[in-house]
Each structure stands twice: as structure tokens, then as C-alpha cells.
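What follows is the residue order along each chain.
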Amino acid sequence: MSIPASVRYTLAGISWPVYVLLYTPLVLVAYYSLTPHAASEWHAYQLLFSDSAVFTALQRSLILALGSASSSTALGVLLGYGLARFRNRHGRGWLSHLPGLIIYTPIIMPSIVFGISELIFFNLVHNATGLFAAGLQTMMIAHITFQVPYVALTVFARLSGLDPNLFDAAHDLYADGVKSFIHLILPVVQPAIIGGFLLGITLSIDDFTISFFTAGPGSVTLPIYIYSAIARKGVTPEINALGTVMIGTIIIMALGHFFITSRRERAGHFAARGNLG
Amino acid sequence: MKRAKTEVELEAGRQRRRLMASSGPGLAWIMLFLILPSAVLLGIAFFSSDDYGNPVMPLSTQAFGQVAGYSLLGWDPGNILVFLRSLKQAGIATLVSALLSYPLVFFILSQRPSLRPLLLLFIVLPSWTNQVVRTYAWLELLGPNAPVSWLGHTLGFLPPDLGMAPGGFAVTTGLAYNYLPYMIVPLYASAEKLDWTLVEAGRDLYASGLRLFWHTVFPQTVPGLLSGIIFVAIPAFGDYVVPQLLGGDKAMMIGSLIANQFTETPDWPYGAALTLIMLVFTAAGLVAFRVVSQKVGGAEEAAV
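Predicted model only: the values in this text are computed from it and were never measured.

K.L.:
Would you mind going over the packing of aromatic side chains with me for this structure?
P.N.:
Given two aromatic rings, their pairing is described by the distance between the two centres and the angle made by the two planes. The final tally for this structure, using the stated rule, is 31 aromatic pairs over all chains. Ring plane angle 55° and centroid distance 5.6 Å describe the contact between tryptophan 42 of chain A and tyrosine 45 of chain A, whose orientation is recorded as tilted. By relative accessible area, tyrosine 45 of chain A is classed as buried at 12%. Seen in terms of ring centroids, phenylalanine 213 of chain A and tyrosine 240 of chain B are 5.4 Å apart; in terms of plane orientation they differ by 55°. Their pairing is tilted. Of the two residues, phenylalanine 213 of chain A is situated in helix α9 (residues 209-214) and tyrosine 240 of chain B in the loop between α9 (209-237) and α10 (241-246); the pairing between them involves two chains. For the pair shown, phenylalanine 213 of chain A and tyrosine 240 of chain B are each scored as buried. In this structure an aromatic cluster arises from ring pairing among Tyr102, Phe106, Trp196, Phe213, Trp214 and Phe218 of chain B.

K.L.:
Explain the interface of chain B and chain A to me, please; I cannot follow it from the model alone.
P.N.:
For an interface, size is often stated in terms of accessible area lost upon the parts coming together. The interface is formed by 76 residues belonging to chain B together with 81 residues belonging to chain A. Here chain B meets chain A over a buried area of about 7,100 Å², counting both sides, of which 80% is carbon and sulfur. One can count 1 salt bridge joining chain B with chain A. Across the salt bridge formed by aspartate 206 of chain A and arginine 134 of chain B, the nearest N and O atoms sit 2.8 Å from each other. No other element matches helix α1 (residues 7-44) of chain B, which puts 21 residues into the side of chain B that touches chain A. Split into classes, the residues belonging to the side of chain B that touches chain A amount to 55 nonpolar, 15 polar and 6 charged.

K.L.:
Honestly, the packing of helix α3 (residues 78-109) of chain B against α9 of chain B in this entry has me stumped. Any pointers?
P.N.:
Angle between the axes and distance between the axes: these two values describe a pair of packed helices. All names here are of chain B. Where α3 contacts α9, the axes come no closer than 9 Å and their chain directions differ by 140°. Taken together, the axis directions place α3 and α9 in an arrangement best described as oblique. Handedness of the crossing formed by α3 with α9: right-handed. Every residue of α9 that contacts α3 at Phe83, Ser86, Leu87, Ala90, Ala93, Thr94, Ser97, Ala98, Tyr102 and Phe106 is listed here: Phe213, Val217, Phe218, Thr221, Leu225, Ile229, Val232, Ala233, Ala236 and Phe237. Grouping the amino acids of the contact of α3 with α9 by side-chain chemistry returns 16 nonpolar, 4 polar and no charged.

K.L.:
I would appreciate a short explanation of the confidence of the model for chain A in the present structure.
P.N.:
Low pLDDT marks regions whose predicted coordinates should not be analysed in detail. All names here are of chain A. Residues with a pLDDT of 70 or more make up 91% of chain A, whose mean pLDDT is 83. Here helix α7 (residues 165-172) stands out as the element of chain A with the lowest mean pLDDT, 74, in contrast to α9, whose mean of 92 is the highest. When the criterion is pLDDT under 50, residues 270-277 qualifies, and its contacts beyond four places in sequence or with other chains add up to 0 contacts.

K.L.:
How should the environment of alanine 65 of chain A be read in this particular structure?
P.N.:
Residues and elements named next belong to chain A. With respect to the element layout, alanine 65 can be found in helix α3 (residues 52-86). Judged by its relative accessible area of 4%, alanine 65 is buried. In this structure, the C-alpha to C-alpha distance between alanine 65 and threonine 202, residues 137 residues apart in sequence, is 8.0 Å. For alanine 65, the contacting residues outside a window of four places in its chain are Ile201, Ser204 and Ile205.

K.L.:
Is there a simple way to explain helix α7 (residues 168-192) of chain B in this structure?
P.N.:
In an α-helix there are 3.6 residues to a turn, and that puts residues three or four apart on one side. Residues and elements named next belong to chain B. Over its 25 residues, α7 runs 35 Å from end to end, which matches the ideal 36 Å to within 8%, given 1.5 Å per residue. Along α7, the sharpest change in direction is near 45° and occurs at tyrosine 179; proline proline 181 comes one to four residues later. The element α7 is extensively covered by neighbouring structure, given that 19 of its 25 residues are classed as buried.

K.L.:
Which parts of the structure should I look at to understand the pairing of strand β2 (residues 55-59) of chain B?
P.N.:
All names here are of chain B. When you tally the buried positions in β2, you get 0 out of 5 residues, a small fraction of the element. In this structure, strand β1 (residues 47-49) lies alongside β2, joined through 3 bridges in antiparallel fashion. Each residue of the ladder has a partner; that of serine 48, found in β2, is valine 56.

K.L.:
What should I look at first to understand the packing of helix α6 (residues 136-160) of chain A against α1 of chain B in this one?
P.N.:
Orientation of α6 of chain A relative to α1 of chain B, taken along the N-to-C sense of each, is 125°, at an axis distance of 10 Å. In terms of orientation, α6 of chain A lies oblique with respect to α1 of chain B. Crossing geometry of α6 of chain A relative to α1 of chain B is assigned as left-handed. Here Ile141, Ile144, Thr145, Val148 and Pro149 of chain A of α6 of chain A come into contact with α1 of chain B, specifically with Trp29, Ile30, Phe33 and Leu34 of chain B. In terms of residue class, the contact of α6 of chain A with α1 of chain B is built from 8 nonpolar, 1 polar and no charged.

What counts, and where the lines are drawn
Residues numbered from 1 in each chain as written. Chains lettered and ligands numbered in written order. Predicted model: local features only at pLDDT ≥ 70, side-chain atom pairs only at ≥ 80, totals over all residues. Heavy atoms only, no water. Phe/Tyr/Trp six-rings, centres within 6.5 Å; stacked < 30°, edge-to-face > 60°. Buried < 20%, exposed > 50% of the residue type's maximum accessible area, 1.4 Å probe, protein only. Helix = DSSP H or I, 4+ residues; strand = E, 2+ residues; numbered from the N terminus. Contact = heavy atoms within 4.5 Å. Buried area = accessible area lost by both parts, 1.4 Å probe. Salt bridge = Lys/Arg side-chain N within 4 Å of Asp/Glu carboxyl O. Nonpolar A, V, L, I, M, F, W, Y, C, P; charged D, E, K, R; others polar. Axes fitted to C-alpha atoms, helices over the stretch in contact; angles between N-to-C directions. Parallel < 35°, antiparallel > 145°, perpendicular 65-115°, else oblique. Left-handed = near helix turned anticlockwise from the far one by under 90°. pLDDT = per-residue confidence, 0-100. Expected span 1.5 Å × (residues − 1). Bend = angle between axes of the 7 residues up to and from the residue. Pairing = 2+ DSSP bridges.

The following block contains the structure:
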């Protein structure tokens, strides 16, 4: 690494303002959630915490995030494991490329196309059979669909980095498929499973467009609540208070996860270096 | 004569069954709930629409005429303008994030290794909050009565009562803000593996400044840059939330145009035809991009 000092200063001079700019809008949301002219500065928060519509929306958001992330983790781990272990990598023809193409479709497809496709599909199926009425169930299906590829790719990346001889060793020790999955694969991919699950929750919380088009009248989640409130009466202190709580929660969770995992890694690092003296 | 299967063939069959048992459910899920629905949507583009905007027989290409701007009232350039505006907005947002990403990535790399993950985390963190929240947040900065607009009024380049948002500028800003991390992460990944001996060699040959960067650093980061361009340009082109919240009527983009055909004044075949054209644009962009990136080199990592 050889960056001259003058270049370093220029880089820092451009980068710090960008960092500030990244957080300025978020800080302003928090700033405008305070109401100095009302009876209490925290008036918006009092309104927020006594608002039952917000509370049900929060419940739905949590059910959606946890439910879709656990289902997509189950599907995605199996998918990634199968592709890493059993796919014929030297196969020719379009059939051996098919799984890859299928996995990348949800990632590449613009959200608006994704959302509208599901809207039309659920609508048609509902009219024909009565199943899939628009609501939390259809949102859940859509959220699982866009999370599965990310979980699968996380697990796939972890397993592809493994020495294939490990699997043969397990086989030689008479571990059958299920046993080697439980005793060898699961422990090895555990970080990828946890990472994939958290990624699923993050993706679910981040999404608006796909949720918006698969939601029904009785399945307003927090982002949809905020969006329609802004469309109706603009940004109010109460919306800012809600935004502040959401931003704060994500930042605390992300920093918490970061410091816990990095401490664990550091501990592992020191243990490994201990042998070298 | 029936021949007994060889051990190799049996093993191949076993592998296929295991693949189906493990990967099958996930793949089937995506096919049933995304690939089939989008195929249905695209199929709808080739139907006529009834008075309620539902698709009916006979098959027709009328919807594509509507996309091109033809209606009972004659030809209108509105849709073409929306397409061009979406291309322009996505293009500028991609350019801005690429230009900001280089200094940021090398700033992070110039710090102690233990500090780098944290600096990277602080880049990515805003994108983990909900898209509606981090987008409307810009209204606080750019809307009427907001600090930036107030500055604009005082300096006299903005009429009073008007903000920087809603409008085209706010949309560009919002898109660049939303998708900046998608550029930085792949670029960081390729810059991290940079071979600095090449830079030393360039310096020994008395290259310096931008010349040194352009000939030794830049070529090595091209794979990351190319992935970043794809990850930013495609979602920015079809973005729905940013132009809806920050754009207003005059800054409409393709995403809102499509959505309107399914919500406000339904016309499914027309909306489906718009979607089809948009996907054709996206796919054509990807293919053109692959051709270019194969010429430039480093195509493996950019291939999506």
C-alpha cells in the first residue's frame, strides 16, 4: 500500500463530507421528530406509542420479516447446499446453467416488475380458485421469493470454499447423506445460515415496492403505513418519530452484530496466532 | 438388448436425485412464484383490453402502439420522454456513485486494516433502513422550508415557496444516495486485491498523479466497477419509491408509469407492454454491457 500523503488528504477531504452527507437526512428525521412548540418536546413520540394502527403495523412487519426470513433460510440453505455438492459442474448444455439462471432472476428483476407480476398472478389465481387473497400471506410468499437466492448464494459461497476431500472423508467414515449433513455441513455453514437469516430480515425490512403491490387492505405494514401517511398529509413529526425509531433500531442492531462478530473473530485470530508464539 | 447400467451412470443418477431433493424446492418456489407470474404478465401484453382495462381476446399489438404514444387522440411523446428521463436519471446516478466511490474506496483502504470493516459498515448502514424512510428523509433536506432550499431562496436561485424537492434534482440525489453502496461494495472488493507492485513500477517509470492512477490502478478495478454499474443502473432505471416521493409529476419515471396502469386507471395489456419494453431495454443494456466488458477484460466478475 503506497498512497502519498497529499493524495491521502484529498481522499479524506472528499470522503468525510460524503460520510456526513450519508447521515444528514437521517439525523434531520430525528431532529424534526422533536416538537419544541408543543406541550412536550416528545409529543410526537407520545402520539406514536399510543397509536394502535402503528402498533398493529409493527406487529405485521415483524411477523413478515421473521416468518419470511426463516422460511427462506430453510429453502435457501438446501438450495445452496445442493448446488455446491451435487450439481454437475462440468455439464454442458442449457440444463446445467438453468439453476444459476433461476437463482439470479429475483436478484436482477427490477422490484416494480417483481411486484406487479405477483399482483397480477395472485389476482388471477384468486379469481379462479379463491386462494391467495391479497394480504400478509401473499406478502410472505413474495418476501420469501426475493430472499431465497441471497441465502442460497451465501451458503453456496461458504461451501464452495471447502476442501472437497472433507466430504469424502465423512463418506469413508460411513456417514450417510443425512448424518454428514448434520455433523459436517451444518456446523461448517452455520455462520452462513445465521448471516443468510439476518440478510433475509434486512431485505424484508428494506423492501417497500414488492410489499406495496402484494399487500391487501388488511395488511398495512410499517413502510406502507409511512408511505400512505406521507401521500395523505405530508411528513409530520409523528412520521419522523416513527422513522427515527426504525432508523435507530437498525443502526443499533447492525452495530451490535458487527461488534459481536468482530470480537469473536478477533478472539479466534489471537488463538490461531498463539501457536506461532 | 437391455444393458445393465454402469456404476458411473448409477452414480450420476443418484447425484441428480440428490440435487433435486435438496435444491428442488427452492428452485421450484422461484419458478412458481416469480418466473411463472412474470411470464403471465408479459403474455398479457399481447391481449386487447376491455372497458375496465382487463385483458380480453383477441390477441393484438394495440398495447405496443400505446407504449409508442399512439392513442385515439393521436401521437403523444409523453412515454418516450419518460423512458429517456429514466435512462438519464439512472445514468447520472450511476456516474455520480462511480465518481464518489473511487475516493471513498481508496480512503477506506488507506486506513488501518482493523478500521476498514467499520468504515465500510458505515457506508452500507443507511441502505439497511427502509427505502421509504431513507428516501423521504431527503424531503427534510431538500423540500420547501428545508435548509438547502432556504439557502437557495436567500441566494436567489430558487423562487420562494419552492423547494429543491419535488423535482428532477431530488430524484437524481435520491437514486445516487440509495444505490451508492451497491457501487462501493464490489469496487472495494476488487480494489482490496490490487497489485500495488504495478503502481510501484509505474512510479519507477516516472508516471504520477492521474496518469499513474489511470494506467496502473484503474485497469485493476474495472471488474468491480463493471459489477457496480450493473448493480446501480438496473435498479435505478426501474426505481419506484424515489421518483414517487421526490419526483412529482414532471419527474415521472418508468416505474411509476407502469404502476399507474395497474392501480390508478387500470389497463393491464398496456402496463404489461410497458413492462416488456422496459425488460427488453434492461436486457439489451446487459448484453451490450457484456460485450463491452469482454473487450475491456475482467469479464468473469462482471458476468451476472
